[in-house]
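The primary structure of each chain is shown beneath.
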2 protein chains.
Amino acid sequence: MADARTKVAQAALMSTAQDTEAAFYEALQQGDAERLMSLWADDDEVACVHPGGPRLVGQGSIRVAFEAILQVGGLNITPVNVRCVEGPGCSVHHVLEKVQAMTDEGLQTAYVLATNVYMRTAQGWRMVAHHASPGQPDDMQEMIEAKSVLH
Amino acid sequence: MADARTKVAQAALMSTAQDTEAAFYEALQQGDAERLMSLWADDDEVACVHPGGPRLVGQGSIRVAFEAILQVGGLNITPVNVRCVEGPGCSVHHVLEKVQAMTDEGLQTAYVLATNVYMRTAQGWRMVAHHASPGQPDDMQEMIEAKSVLH
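These numbers were taken from a predicted model, which means no experiment stands behind them. (Residues numbered from 1 in each chain as written. Chains lettered and ligands numbered in written order. Predicted model: local features only at pLDDT ≥ 70, side-chain atom pairs only at ≥ 80, totals over all residues. Heavy atoms only, no water.)

Participant: Requested: an account of the overall build of chain A, with residues and values cited.
Facilitator: Counting secondary structure elements, chain A contains six helices and six strands. The order of α-helices and β-strands along chain A, N terminus first, is α-α-α-β-β-α-β-β-β-β-α-α. Looking at chain A residue by residue over its 151 residues, the buried ones come to 45%. In chain A, once contacts between residues fewer than 6 apart in sequence are set aside, the share between residues at least 24 apart is 47%. Accessible surface computed for chain A: about 7,100 Å², of which carbon and sulfur atoms make up 55%. (Helix = DSSP H or I, 4+ residues; strand = E, 2+ residues; numbered from the N terminus. Buried < 20%, exposed > 50% of the residue type's maximum accessible area, 1.4 Å probe, protein only. Contact = heavy atoms within 4.5 Å. Areas by Shrake-Rupley, 256 points an atom, 1.4 Å probe, with all protein chains shown as cover.)

Spelled out as structure tokens, the structure:
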């Protein structure tokens with residue numbers, strides 16, 4: 001019964017791509033690999049690239065990598081700038097991730113550029129791709145997106 | 001008239017996401033920034049990340065970067081391993097790109113991991129995202145995708 005309630009709650013959470021993305025970053029913050037994996041589509045070709053890492057295809061290899069990343073706990077990660085392309089049944093999000101970690105030299109901040117792709121499935125909006133790569137050492141990349149560059 | 005024929009030919013080329021992707025890599029090989037840009041969707045939020053580069057949002061900034069990359073000519077680039085997730089009106093391709101260049105030390109080979117996202121539009125299948133990041137120095141990343149990892 002508790003399990004059924006959990007499933008209903010999860011489906012409700014994933015009624016939009018934005019909900020699924022919010023749940024994705026919450027799962028990373030909470031170090032909850034199980035919840036994180038529940039957000040992925042049930043498709044053999046779902047794929048994930050972590051910064052500097054190889055391409056991981058399929059839920060099995062994606063799970064192994066996230067469990068390794070989260071085994072020391074949740075990440076201090078915040079999506080700070082999201083740009084979206086919306087299609088029928090598909091949503092592409094470009095996220096600037098701010099990642100902070102305490103080191104011997106104090107609190108360090110790094111930026112990661114991530115492309116997250118969601119598709120609408122019978123189980124709600126699910127993640128089908130997460131491609132992350134190292135950003136600039138600060139948030140300078142934001143300037144390049146200014147409208148003034150385009151016109 | 002010639003222009004109309006060109007547009008008809010382009011639309012025919014983009015009747016599937018695979019066609020659009022083939023045209024994308026041909027344009028890179030031929031150093032044809034104009035053709036390459038014709039493959040992108042007409043949407044302010046289309047985005048592109050080159051390996052190690054910032055996030056580029058919108059056709060204007062994407063064009064500037066591709067023109068800079070291609071100003072010395074086409075790239076020796078080959079998609080060597082493509083995995084796809086297909087949705088209604090959306091296609092997500094994970095491409096291992098083999099890039100070769102002649103240097104003072106002979107022919108050098110590098111691998112790039114790219115996520116390409118296409119959406120079906122009134123003008124055919126168009127690119128909405130290209131996120132590329134450095135791969136491993138060889139094609140070792142392929143081993144990680146083996147089915148044996150998953151089961």
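Next, the rest of the story.
Participant: Describe the relation of the copies chain B and chain A, and please don't skip the residues or the numbers.
Facilitator: Between chain B and chain A, which share one sequence, the superposing operator has a rotation angle of 180° and an axial displacement of 0.0 Å; the RMSD is 0.0 Å. Here the symmetry operator amounts to a two-fold rotation axis. With an isologous cut-off of 70% or more, the 100% of interface residues of chain B that recur at the interface of chain A puts this contact in the isologous class. (Least-squares fit on C-alpha atoms with pLDDT ≥ 70 in both.)

Participant: For the sheet that holds strand β5 (residues 106–121) of chain B, give the residues involved together with the corresponding values.
Facilitator: Residue and element names in this part refer to chain B. Reading across the sheet, the six strands line up as β2-β1-β6-β5-β4-β3 and stay open at both edges, with mixed pairing between neighbours. Edge positions in the sheet fall to β2 (55–57) and β3 (76–87), since each has one partner strand and no second. With direction set aside, neighbouring strand axes in the sheet form an average angle of 25°. Packed onto the sheet, helix α4 (residues 59–70) meets β1 (47–49), β2 and β6 (124–134) and runs at close to 125° relative to β2. (Pairing = 2+ DSSP bridges. Axes fitted to C-alpha atoms, helices over the stretch in contact; angles between N-to-C directions.)

Participant: Residues and numbers for the pattern of salt bridges, please.
Facilitator: Enumeration over the complete set of coordinates arrives at eight salt bridges over all chains. Between E45 of chain A and R83 of chain B there is a salt bridge whose closest N-O contact spans 3.1 Å. Here E45 of chain A, found in the loop between α3 (33–38) and β1 (47–49), pairs with R83 of chain B, found in strand β3, and the two come from separate chains. Classification of R83 of chain B as buried rests on a relative accessible area of 15%. A salt bridge links R35 of chain B to E26 of chain B, with the nearest nitrogen and oxygen atoms 3.1 Å apart. Here E26 of chain B falls in the partly exposed class, since its relative accessible area comes to 33%. Because the salt bridges share partners, they merge into one network encompassing E34, R63 and E67 of chain A. (Salt bridge = Lys/Arg side-chain N within 4 Å of Asp/Glu carboxyl O.)

Participant: Account for the state of the cysteines, naming residues and giving values.
Facilitator: For the structure on display, the rule yields one disulfide over all chains. Free of any disulfide, C48 of chain A has its nearest neighbouring cysteine sulfur in C90 of chain A, separated by 17 Å. For C84 of chain B, which is in no disulfide, the shortest distance to another cysteine sulfur is to C90 of chain B and amounts to 11 Å. (Disulfide = S-S within 2.5 Å.)

Participant: Explain helix α2 (residues 17–30) of chain A to me, using residue names and the numbers behind them.
Facilitator: Since the α-helix packs 3.6 residues into each turn, any two residues three or four apart lie on the same face. All names here are of chain A. Across its 14 residues, α2 extends 20 Å between first and last C-alpha, which sits within 8% of the 20 Å expected from 1.5 Å per residue. The complete set of buried residues in α2 reads A17, T20, E21, A23, F24, Y25, A27 and L28. Backbone geometry just downstream of α2 places G31 in the positive-phi region, at approximately 65°. (Expected span 1.5 Å × (residues − 1).)

Participant: A description of the interface of chain B and chain A should follow, citing residues and the corresponding values.
Facilitator: Every contact between the two is made by 44 residues of chain B and, on the other side, 44 residues of chain A. When chain B packs against chain A, close to 3,600 Å² is buried across both sides, 62% of that on carbon and sulfur atoms. The three residues of chain B that bury the most area against chain A are E45, R55 and H131 of chain B, which together make up 21% of that side's buried surface. The interface formed by chain B and chain A includes two salt bridges. In terms of residues, the side of chain B that touches chain A owes the most to one element, β3 of chain B, which gives six residues. Residue classes in the side of chain B that touches chain A are distributed as 22 nonpolar, 13 polar and nine charged. (Buried area = accessible area lost by both parts, 1.4 Å probe. Nonpolar A, V, L, I, M, F, W, Y, C, P; charged D, E, K, R; others polar.)

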